Amino acid sequence: MAVSVAAKARDVVGQNVHKVDGPALVCGKPLFTLDMDVPGALVGKILHSPHAHAMIEAIDTSAAEAIPGVACILHFGNVPRIPHTTAGQGWPEPSPYDTVLFDRKVRYVGDRVAAVAATSEEAADEALRKIRVEYKVLPAVLSVDEALAPGAPVIHDEPDAEGIYDAQRNIAAAVDIPVGDVDRALAESPVTAEATCEIPYLQHTPIEPHCVIAYFDEDGRLVIRTSTQVPFHVRRIVARVLALPMSRIRVVKPRIGGGFGAKQEIILEPVAGALALRTGRPVRIAYTREEEFVASRTRHPMRVTVKLGAGRDGTLRAIDMEALSNTGAYGTHSLTVLSNVGSKTLPLYNKARHLRFHGKAVYTNLPVAGAYRGYGATQGYFALEVAMDILAEKLGLDPLELRQRNHIRVGETSPIFEKIGEGREGKAQIVRSCALPECLRIGAERIGWKRNRGRRRREGPWAYGVGMACAMQGSGITGIDMGAATIVMNEDGSFRLLVGATDLGTGSDTVLAQIAAEALGVSVDKVLVYSSDTDFTPFDVGAYASSTTYVSGLAVLKAAEDVRRQILDVAAAALEEAPEDLELSQGAVRSVRSGRAVTLADVGHRATYVVDQHQIAATASCVAPESPPPFAAFFCEVAVDTETGLVRVERFVAVADCGVAIHPKQAEGQLEGAVVQGIGHALYEEMLFSGRGRCVNPSFFDYKIPSALDVPEVEAILVPSEEPTGPFGAKSIAEVGINGPLPAISNAIYDAVGIRLTRAPFTPERVLSALRSRTG
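Calculation notes
- Residue numbering note: each chain is counted from 1, following its sequence as written.
- Note on the predicted model: pLDDT of at least 70 is required for a residue's local features to be given, and 80 or more for side-chain atom pairs to be given and counted; whole-chain, interface and lining totals, by contrast, use all residues.
- The side-chain figures draw on all heavy atoms in the structure; neither hydrogens nor water molecules are used.
- Working definition: helices are DSSP H or I runs of at least four residues, strands are E runs of at least two. Numbering for both runs from the N terminus.
- Radius of gyration here uses only the C-alpha atoms, and the compact-globule reference equals 2.2 Å multiplied by the residue count raised to the power 0.38.
- Only protein chains enter the calculation, and the probe is 1.4 Å; a residue is then buried if its accessible area is under 20% of its type maximum, exposed if over 50%, and partly exposed in between.
- Only heavy atoms matter for contacts: two residues are in contact if any of them lie within 4.5 Å across the pair.
- Values of accessible area rely on a 1.4 Å probe in the Shrake-Rupley scheme; residue burial ignores everything except the protein chains shown.
- Any two of the Phe, Tyr and Trp rings considered here, Trp counted by its six-membered ring, make a pair once their centres fall within 6.5 Å; the pair's planes then place it as stacked at under 30 degrees, edge-to-face at over 60, or tilted in between.
- Geometrically, a charge over a ring is one whose NZ (Lys) or CZ (Arg) sits within 6 Å of the ring centre while staying within 35 degrees of the ring normal.
- To estimate how far a helix should reach, multiply one less than its number of residues by 1.5 Å.
- Note: two strands are recorded as paired if DSSP finds a minimum of 2 bridges between them.
- What makes a salt bridge here is a side-chain nitrogen of Lys or Arg within 4 Å of a carboxyl oxygen of Asp or Glu, nothing more.
- One confidence number per residue, pLDDT, is output by the predictor and ranges from 0 to 100.

Draft legend 1. Looking closely at the overall build of the protein. Regarding its fold elements, the protein presents 20 helices and 30 strands. Relative to the compact-globule value of 28 Å for 776 residues, the protein shows a C-alpha radius of gyration of 27 Å, a close match. Dimensions along the principal axes, computed over C-alpha positions, put the protein at roughly 90 × 75 × 50 Å. Across the 776 residues in the protein, those meeting the buried criterion constitute 62%. Sequence separation of 24 or more characterises 80% of the internal contacts of the protein that already satisfy a separation of 6 or more. On the protein, roughly 27,700 Å² of surface is accessible, and the fraction owed to carbon and sulfur atoms is 51%.

Okay, here's the thing in structure tokens:
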């Protein structure tokens, strides 16, 4: 169930208009990457390493190349070695250049060894089987503790890697941010609390795996049609890897069947491009579900320790947070995810004047971690919010009251904003909108907090409890990433909106159309959206960091305001009135003095054909001036079967402040979806590995995600605030919802049966073991 608290009425913004791509999606139109049939396309397949750590001594492709239909086989011996990162981030990327297209050294089970292009899938599969590879197996490290141990095998010993913090100690990235004197403040605090929480390997499981088609246009340029969140970053990184000018590459992003961060990565595009260039023919590659698990990207497994110090009145004095992150075999997103663990969490409780955030991102011989919704904040909030509950118990305070006393408010800041943000030095940011007090009040009322907390109701073997958590996130990356938009007026009074922003199923095409329509005084059906084509749309970093509504939306608003000014100038000449005496709404320009009016169709026709002929159009860019945080409060009720250890979420209430929701239904859907993913993290999901580093559950049969039958009653509530820096008062919503379920469910389990679960997921075996340990 979803509820939106009433917000200021506008004509288009804040309305649940039809999605601009809704009819085509519902009717099953061929919108996705592999829906396009390119005649003569070869099938691309990848040979993956069977070893966690090994050197390739020799590779023999002769038998494979003799198979009828095999057109090309690529491997380290016949492609240039160009170090790069696969992280789809703005240049200069803060991730190390520790990857090459094909390497002589493999660093995890699933690493790339070779790629085949053939006329059929059967021929490609047979070729993979007939490639003969001689490996020299090396000692592998399968945990961060092993990787950091003295004398551990060095995973990245190649001399041409760049940007690794300490390769000899397997440390991809490190952070140490002190504010004040944390050790002294903790020692002098009357009450302290500590929690160490762990999150395992988790997979995004998008319904559409990674897939790409590479082909050539009529001018011989390489066109890459790909399921990506970052088309412009794809173009830049592919150009580097293939040593092509960017002008020779076009990247097209069609509809995407889910991303959640997994597709903020450039994985298959360079391989498909290389095969296409080598053969001169189109190539299509699609991961299987097993490949999606082991050879795409995952969430960073992490162990986070939080120490809190407070006065007896509950005012926080000190927070010490330490994170140990497993980046897997390559360091993609290693620094930025690690940085976000602290930067997106510690400002929430800004009453603490002494802070320290420190941590390491460590290489292991396991699958590569990358961007995942929440992007480090999810790991940080698990430990922080469990520690807050422990502190509340020691203080004899209601956990709700402890958070109410300490959370950041409008007009306040945090030194963490200035010290760290996405791995780069930032500036102090003032919180200009925050409805968290209202979120906490509403959430507590909906879950029956006062009535149910501490009650420990029992029904046979089932014990019931309630728990809560708070979270914040961000809206883009301040001063770094840029989005642009172009708006062109057609002669009939309609508009074309061209944006590089990437709609990965979130509905951003619709949201950006609403922003344009609101500013231009028309309905959404008068705005035709074209997005994510590097040849025809202006630059945008893509869909990540919860940036699209805020950053791309501001670019759209700026362009729309420029076009609006031009429209008023043309209308003023037609009406023989001053532009300042005109208003634009409902598809027409009217004089507030005489009441005379001209339609937008009249304006478009006049500018195109009649007087002072010119194209009414504008392009505008936006680099995020700030990163206003959305806030959320999470409350849940759980039932614990004390005989089997099964945990069942009975109800979940998520109350969020995302400023003004441009499209409330879509915003509620984002919040609900994030919560359900978070419930999956808490109760079901974990990638498991053998003693040799092989994933043993790379399928939906063995890796469990919540199905429709598993999802509890989720109540998503939007509480409006007005973000003064955002487009029509908006800020982000996409990520914040995933940060609350893990700690809220853990805290609810403690309320129900008195056990603290700090390692996800909370499986029946772990719950039962903890129950037995408590009573034994």
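Draft legend 2. Layout of the packing of aromatic side chains. What the rule picks out here adds up to seven aromatic pairs. With a centroid separation of 6.1 Å and 55° between ring planes, the pair formed by Phe382 and Phe762 is classed as tilted. One end of the pair, Phe382, is in helix H10 (residues 377-395); the other, Phe762, is in the loop between helix H19 (741-753) and helix H20 (764-775), with 380 residues separating them in the sequence. Note on Phe762: relative accessible area 1%, which makes it buried. Geometrically, the ring pair formed by Trp449 and Phe635 is edge-to-face, given 5.7 Å between the ring centres and 80° between the ring planes. Of this pair, Trp449 sits in helix H14 (residues 449-452) while Phe635 sits in strand E28 (residues 631-641), and the two are 186 residues apart along the sequence. A residue is classified by how much of its surface remains accessible, and Phe635, at 0% relative accessible area, is buried. Ring pairing ties together the aromatic residues Phe293, Phe700 and Tyr703, which thus form one cluster. In this structure, Arg299 is placed above the aromatic ring of Tyr372, and the distance from its NZ or CZ to the ring centre is 4.0 Å.

Draft legend 3. Helix H15 (residues 508-520), seen in detail. A rise of 1.5 Å per residue sets the reference length of H15, with its 13 residues, at 18 Å; its end C-alpha atoms lie 18 Å apart and thus fit the reference within 8%. In terms of burial, H15 is largely enclosed, as 13 of its 13 residues are buried. A positive backbone phi angle near 70° is found at Gly521, which sits one or two residues after H15.

Draft legend 4. A look at the sheet that holds strand E5 (residues 105-106). With antiparallel pairing, the three strands of this open sheet are ordered in space as E5-E3-E7. Of all strands in the sheet, those bounded by a partner on one side alone are E5 and strand E7 (132-137). The sheet contact formed by strand E3 (residues 54-60) and E5 spans two bridges and is antiparallel. Residue pairing for E5: Ala54 is matched across the bridge by Val106.

Draft legend 5. The pattern of salt bridges, seen in detail. Under the criterion given, the structure shown has 44 salt bridges. With a shortest N-O distance of 3.0 Å, Asp145 and Arg303 are connected by a salt bridge. Pair noted here: Asp145 is in helix H4 (residues 144-148) and Arg303 is in strand E16 (residues 302-310), with a separation of 158 residues, a long-range link. Its relative accessible area of 26% is what places Arg303 among the partly exposed residues. Between Asp569 and Arg565 there is a salt bridge, with the nearest N and O atoms lying 3.4 Å from each other. Highlighted residues: Asp569 and Arg565, both in helix H16 (residues 548-575), separated by four residues, approximately one helical turn. The structure contains a network of salt bridges with shared partners spanning Lys19, Asp21, Arg255, Asp503 and Asp509.

Draft legend 6. Highlighting the confidence of the model for the protein. Averaged over every residue, the pLDDT of the protein is 96; the share at 70 or more is 98%. Below a pLDDT of 50 lies the segment residues 3-7, which in the model reaches 16 contacts outside its immediate sequence neighbourhood of four places, other chains included. Taken as a whole, residues 422-426 scores under 50 in pLDDT and shows 17 contacts with residues more than four places along the chain or in a different chain.

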